[in-house]
Amino acid sequence: MRFDKSLQCALLNAPSVVFAAPQSASYPTNGTAPAAFSSKCEELASKLHIDGGVVTTAEFVAAGTNLTVPVYDETCAAAPPVITADMCRVALNVSTSERSGFRMEAFLPANWTGRFLSGGNGGLNGCISYDDLAYAVGLGFAAVGTNNGHDGTSGLPFYNNSDVVEDFAYRALHTGVVVGKQITEDFYGKPHDKSYYLGCSTGGRQGMKSAQDFPEDFDGIVAGAPAFAFNNLTSWSGHFYTLTGPANSSSAFVPQSKWVQIHADVLKQCDKLDNLEDGILEAPLLCQYDPSGLACAEGSNTTTCLTPEQLETVKGVYSPLLNDAGDLVYPRLQPGAEVIAAGAIINGQPFPYTTDWFRYAIYNDPNWDPATLSSKDYDYAAKLNLFGIESFKGDLSGMKDRGAKVLHWHGGADFVISSDNSARYYEHVTSTMGLSSEELDEFYRYFLVSGTGHCGGGEGAHAIGQGVGEVNGYETSHNVLMALVDWVENGNAPETLIGTKFVNDTVALGVEFERAHCKFPKVNQYKGGNPDVIESWECVDA
Ligand code: CA
């Protein structure tokens, strides 16, 4: 999650609302917590008995602290999270086999709401999401997170160690939840009331994996931009390099300047599908973009048009990836994200996570060449499906049957993971469970958050309270996590998620516009009036 210091300051000064945060503690929050809380925390180090677990740290942390967190791998280094609630910080190592294990932290607030939360991870890492823990503890959750079984963002630790892969696929998260709930109960002397999950990207996949295979773990799950259909997604991410060839030396490569032109052409064809030309596609799924108009005329200068080879590349980017048998591997990149994607998945370089996954998890061959990725690799990885990492089962009856809730969201301009795939999952659940949208509404809702990049950022109203740096309030209407809490605990299910675009993405500069993102399959349509206010829009059938 993006870290934004100015937003953190605003967060500390946020007014109290329905689910107020930071919590007003029952004693001054200037670091003068009662000695009892502090000593109870420090006693945990010797009192906790976790199977296979070793507690390394148990310390009191005062509200307002810029927490210096341990750096186990330089690739995990991040700005120190600001702690907004007095809390007890517990760090431990937990083994999962003779040759694997994970690091874990628990942030236990002095002013506990009775809620438990686990965060997730990102990419192929390897890094505890301290920002998410800090965010959740500030909202009164007892929050836990793990490093997902290895340190760092590289896939190298998977090499010849399937136990590390198993931790990454599901085991570190699930075990961390079991252990985290025990720590919570030991510390507070009573079990948690409700259990939650918050994650995006790989964290979104982990949330969906939990919903599918470990429905007892959480009463409510926020799964953002899920990296599910993981094997196929990884093939898709890697196939762009085989499509474009190397940057600047391949005739099929399309430079970023041309993607800027393509973006303008996308907007020309699709921006007004939602009734307003504002540079944002409310329903990228409905945009059937055709780049043919940008083809170079015969004999023309090719610097501002697409050569035949480049046109094929662009068509490939906006076409679903199929294997040689003609079966779908993964949907197209949704139109609208191309300019940023030009610096990410279509930058003419091998996609590092794909390279690492195939080298160290699939083939255990450090010399595997990402330029050779082809249909046989897509098929092999999908069939192998290590430890069920695909995470794309359409049966959510485990959640449904126990009254648990899944809140799924995806940025409509995601430049790494296509939001078309989230719509595909929604349809997959519909057909697998044989339920209508109205019936799914009881336990599973999906929201397309327009104009939003990968897990946040973008030109749209992207702040929905998904984490540090993306906080637009704590009201259930504006905060995706608090909306989930209200759904789980009070039965108030979200109809929309109100997102906010701050001027220059800076809270202190005020709101530029807001938009109430619609519950799929409905789409946002401009009605008229001031487009910056949500009342000028309505959710309609696509
Ligand atoms: Ca528009």
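It should be noted that the structure appears before, not after, this text.
**Some thoughts on the coordination of the calcium ion**
Then, in step 1: Summarising the metal site, the calcium ion is bound by the protein donors Asp271 (O), Asp271 (OD), Asp274 (OD), Asp274 (OD), Leu276 (O), Asp278 (OD) and Ile280 (O), whose distances to it range over 2.3 to 2.7 Å.
Then, in step 2: Along the chain, the residues donating to the calcium ion fall in the pattern D-x2-D-x1-L-x1-D-x1-I.
Then, in step 3: Residue classification places Asp274 among the buried residues on the basis of a relative accessible area of 3%.

**Observations regarding the nonpolar core**
Soluble globular proteins tend to bury their nonpolar side chains together.
Then, in step 1: By size, the foremost hydrophobic cluster in this structure holds 101 residues, and its most contacted members are Leu108, Ile262, Trp357 and Tyr444.
Then, in step 2: Sort the elements by how many residues they give to this core and helix H4 (residues 162-188) lands first, with 11 residues.
Then, in step 3: The two domains that each donate at least three residues to this core are domain 1 (5-228 + 388-496) and domain 2 (241-254 + 288-333 + 342-350).

**Overview of the environment of Ala106**
Then, in step 1: Mapped onto the elements of the fold, Ala106 is located in strand E3 (residues 100-109).
Then, in step 2: A relative accessible area of 1% means that Ala106 is categorised as buried.
Then, in step 3: Sequence separation of Ala106 and Val137 is 31 residues, and the distance between their C-alpha atoms is 9.4 Å.
Then, in step 4: Ignoring anything within four residues of it in the chain, the contact list for Ala106 reads Cys88, Arg89, Val90, Ala143, Val144 and Ile183.

**Points about the packing of helix H6 (residues 230-244) against helix H11 (residues 375-384)**
Then, in step 1: Running from amino to carboxyl end, H6 crosses H11 at an angle of 160 degrees, the nearest separation of the two axes being 8 Å. Classified by the interaxial angle, the pair formed by H6 and H11 is roughly antiparallel. Classified by chirality, the crossing of H11 by H6 is right-handed. On H11, the residues that touch Asn231, Asn232, Ser235 and His239 of H6 are Tyr378, Ala381 and Ala382.
Then, in step 2: Residues that form the contact of H6 with H11 fall into these classes: 3 nonpolar, 4 polar and no charged.

**A word on a nonpolar patch on the surface**
Then, in step 1: Taken together, the side chains of Leu273, Leu285 and Leu286 make up a nonpolar region of the molecular surface, amounting to roughly 250 Å² of accessible area.
Then, in step 2: With respect to the element layout, Leu286 can be found in the loop between helix H7 (256-270) and helix H8 (308-317).
Then, in step 3: A relative accessible area of 42% means that Leu286 is categorised as partly exposed.

**Some words on the state of the cysteines**
Then, in step 1: The tally for this structure, following the rule as stated, stands at 6 disulfides.
Then, in step 2: Note that Cys41 is cross-linked by a disulfide to Cys88, the S-S spacing being 2.1 Å. Every disulfide takes its handedness from the sign of the S-S torsion; for Cys41 and Cys88 that torsion is 80 degrees, giving right-handed. With Cys41 in helix H2 (residues 35-47) and Cys88 in strand E2 (residues 87-97), this pair connects stretches of sequence that are 47 residues apart.
Then, in step 3: For Cys88, a relative accessible area of 0% puts it in the buried group.
Then, in step 4: Disulfide partner of Cys518: Cys539, at an S-S distance of 2.1 Å. The S-S bond linking Cys518 to Cys539 shows a torsion near -90 degrees; that makes this disulfide left-handed. Of this pair, Cys518 sits in strand E13 (residues 511-518) while Cys539 is found in strand E15 (residues 537-541), placing the two residues 21 residues apart along the sequence.
Then, in step 5: Looking at Cys518, the relative accessible area reads 4%, which means it is buried.
Then, in step 6: Taken in N- to C-terminal order, the disulfide-linked cysteines of the protein chain are connected 1-3, 2-4, 5-10, 6-7, 8-9, 11-12.

Calculation criteria
- Residues numbered from 1 in each chain as written.
- Predicted model: local features only at pLDDT ≥ 70, side-chain atom pairs only at ≥ 80, totals over all residues.
- Heavy atoms only, no water.
- Donors = N, O, S within 2.8 Å, 3.2 Å for Na, K, Ca; no water.
- Buried < 20%, exposed > 50% of the residue type's maximum accessible area, 1.4 Å probe, protein only.
- Core = buried A, V, L, I, M, F, W, Y, C linked by side-chain atoms within 4.5 Å.
- Helix = DSSP H or I, 4+ residues; strand = E, 2+ residues; numbered from the N terminus.
- Domains from an automatic or database assignment.
- Contact = heavy atoms within 4.5 Å.
- Axes fitted to C-alpha atoms, helices over the stretch in contact; angles between N-to-C directions.
- Parallel < 35°, antiparallel > 145°, perpendicular 65-115°, else oblique.
- Left-handed = near helix turned anticlockwise from the far one by under 90°.
- Nonpolar A, V, L, I, M, F, W, Y, C, P; charged D, E, K, R; others polar.
- Patch = residues over 30% accessible without salt bridge, like charges linked within 9 Å, V, L, I, M, F, W, Y side chains within 5 Å.
- Areas by Shrake-Rupley, 256 points an atom, 1.4 Å probe, with all protein chains shown as cover.
- Salt bridge = Lys/Arg side-chain N within 4 Å of Asp/Glu carboxyl O.
- Disulfide = S-S within 2.5 Å.

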